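What the coordinates show
Residue strings, one per chain:
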Amino acid sequence: MKRIAAVAVFTFRELVRSKLLFVWLISVVVLLGLAFLLSILSYGDILNIFMDLGLVGMEVSGLMVLILSLAVTYTTEMDQKAIYLQLAKPVTRGEYLLGRILGFFLLNALVVLGMGMVVVGLVLFLGGAPVPTLFYDCVVFLLMEMLVLTVVGLTFQMIATSMVGVVVYSFFTIFLGHLTGEIQWLLGKELAPATKFALQVVYVALPNLEVYNLKDRMYDPTMVLGLPQWEEVVLYTIAYSFFVFLIGWVNLEKREFK
Amino acid sequence: MSPAHPQSALLKAAPLAILLLFLGQAFLSARLGRWVHPEPVEYSQAVRMDKRVASTLRAAAFLSGYKVLVGHAFWIKVIQYYGDSFNSLDRYSKLYDYCSLASDLNPRFISVYTLGASALAFHLRRMDEAIRLLQKGINSNPKDQRLKLMLAAVSYQDSGEFDKAIPFLEAQIDQGDAPYMLITILANVYEKVGRYGDAIKLWQKILRESDQQEPRIRAGLKLQELYGLEKSGKKAKP
């Protein structure tokens, strides 16, 4: 446990030192500025629009930092062989991967929660309106989504042979992960068996990111979010993350560093 | 790494664990899929607007997972479309399609239905489209009272019972930040039912608060007309 924590802290420090948080600072200003502009240009409940766009901003900045940090660390770890130093220490490869996942997730949580605090602060103190409870649920769901994508991204890092590969695979996972509802709809239509099989594979193998997309349903009066839903979402997050982590770990164990 | 490490046992069991976890997550994903989409997704067909624009927007929204963001951005485009007087040449023929698409992208955003239906019913007199848009809104937001009230108001407007539309319009304007169009509609309804004093107050409000030339000129002309009507005690033409 100590070794995992040591790798996590080391990874977190490495990411902070690589100035990735500047990206976050820029995205806070740009995305929240955009959210403010769109909400005053639009007609309707300005605070609702601002909160919707604030949540989008939180997710976008989290994803941006995640993908950039995956790209940056691939260059240092794999291309510049910094991983040799880590693996030469008394740390197993499984502990190393788990530590890195935790380090990445810490940075992502910092980014998402930091932006969330800015949004809540602006709504409370400038807008003078209460923040709906569901907003906080959205933030927790967003954090679970970031955890799944962090595990997936780092697994890609262990499998891919280039930095471009890691970025491209991660992008496609994010895009296709949001299409699960539409894939489900397509599966209900009459399709060629091969197409249907391919869609079924995509549907079960990719992370169902729509599960975490609570921000699109924040004002849905028919939505039910009770303990059973929470349990299922948390279980799904754990099951999917652990499933992908194991694939990454097995790959890392088999990988030869020359 | 020492081969006797306890983690090596877990590593040996990894293929089986991967298989079990895969099945578990697939099962949970399917269960949660039904929670996310309790009913099959239905999308309206664009009739008068370019189908490619509708498809591209839907694709951008679903691929990125930011339906709400694309919906809000497109809603601004709808407002611009309705605000551009050039589009009045074809009586804002695409307005229903635009509102319908905006509501597909952001079905919980009530303003799409209220503003869209107000424009379609009270300004453009396309009652069928206004009622269809409101029904769509009520289907997506079954607990929202505003949409039900508005559907009633539009139905009264359709049947010529203007006085019954007044409470809905007043409630909308009392919420604040009402568009100019909605205020003029209420002022005209007041005039139609003979409540000149209330109509005058609203036109005075427009004259006082509007920052554009055209509404101010219109308000000035209407006020002259209404002062005359009030003085002579005449009833307005239905």
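The structure contained in this document is the topic of the report that follows. Model, not experiment: these values are computed from the prediction. (Residues numbered from 1 in each chain as written. Chains lettered and ligands numbered in written order. Predicted model: local features only at pLDDT ≥ 70, side-chain atom pairs only at ≥ 80, totals over all residues.)

1. Details of the overall build of chain A
We count it as follows: In DSSP terms, a helix is any run of H or I states spanning at least four residues, a strand is any run of E spanning at least two, and both are numbered starting from the N terminus. To get the radius of gyration, use the C-alpha atoms; to get the globule rule, take the number of residues to the power 0.38 and multiply by 2.2 Å. Field definition: a residue is buried when 20 or more other C-beta atoms are found within 10 Å of its C-beta, exposed when 12 or fewer are, and partly exposed for counts in between, with C-beta atoms placed from the backbone.
Scanning chain A from terminus to terminus reveals 10 helices and zero strands. For a compact globule of 258 residues, the expected C-alpha radius of gyration is about 18 Å, and chain A comes in at 20 Å, within 12% of that figure. For the C-alpha atoms alone, the extent of chain A along its principal axes is close to 60 × 50 × 35 Å. Here chain A holds 258 residues, and 42% of them are scored as buried.

2. So, the overall build of chain B
For clarity, the threshold we go by: Note on contacts: residues are paired as contacts if their backbone-placed C-beta atoms lie within 7 Å.
From N to C terminus, chain B includes 12 helices and zero strands. Its helices and strands taken in sequence order, chain B reads α-α-α-α-α-α-α-α-α-α-α-α from the N to the C terminus. Counting the 238 residues in chain B, one finds 35% classified as buried. Within chain B, contacts between residues separated by at least 24 positions form 51% of all contacts whose residues are at least 6 apart in sequence.

3. Some remarks on the nonpolar core
Spelled out, the test is: For this analysis, nonpolar core means a set of buried Ala, Val, Leu, Ile, Met, Phe, Trp, Tyr and Cys residues linked through C-beta atoms within 7 Å.
Core analysis: the biggest nonpolar cluster contains 117 residues, and Leu97(A), Phe74(B), Ala102(B), Ala117(B) and Leu134(B) have the highest contact counts within it. The contacts of Phe74(B), once residues within four sequence positions are left out, are Leu57(B), Leu101(B), Ala102(B) and Leu105(B).

4. Some details on the packing of helix α10 (residues 227–254) of chain A against helix α2 (residues 14–36) of chain B
Note the following rule: Simply put, an axis is a line fit to the C-alpha atoms, just over the touching stretch for a helix, and the angle between two N-to-C directions goes from 0 to 180 degrees. With the far helix as reference, a near helix turned anticlockwise by less than a right angle produces a left-handed crossing, and one turned clockwise produces a right-handed crossing. Following the grouping adopted for this structure description, the nonpolar residues are Ala, Val, Leu, Ile, Met, Phe, Trp, Tyr, Cys and Pro, the charged ones are Asp, Glu, Lys and Arg, and the polar ones are all others, Gly among them.
It is at 8 Å that the axes of α10(A) and α2(B) come closest, and there the two elements cross at 145°. Note that α10(A) runs across α2(B); the crossing there is left-handed. By residue class, the composition of the contact of α10(A) with α2(B) is 19 nonpolar, four polar and two charged.

5. Structural notes on the interface of chain A and chain B
Contact residues are listed per partner, giving 46 residues for chain A and 43 residues for chain B. Of all the secondary-structure elements, those providing two or more residues to the side of chain A that touches chain B are α2 (20–41), α3 (46–79), α5 (93–127), α8 (180–187) and α10 of chain A. Residue contributions to the side of chain A that touches chain B peak at 14 residues, all from α10(A). Split by residue class, the side of chain A that touches chain B holds 25 nonpolar, 12 polar and nine charged.

6. Considerations on the environment of Phe172(A)
With respect to the helices, strands and loops of the structure, Phe172(A) is situated in helix α7 (residues 163–177). Between the C-alpha atom of Phe172(A) and that of Leu206(A), which follows or precedes it by 34 residues, the distance is 9.9 Å.

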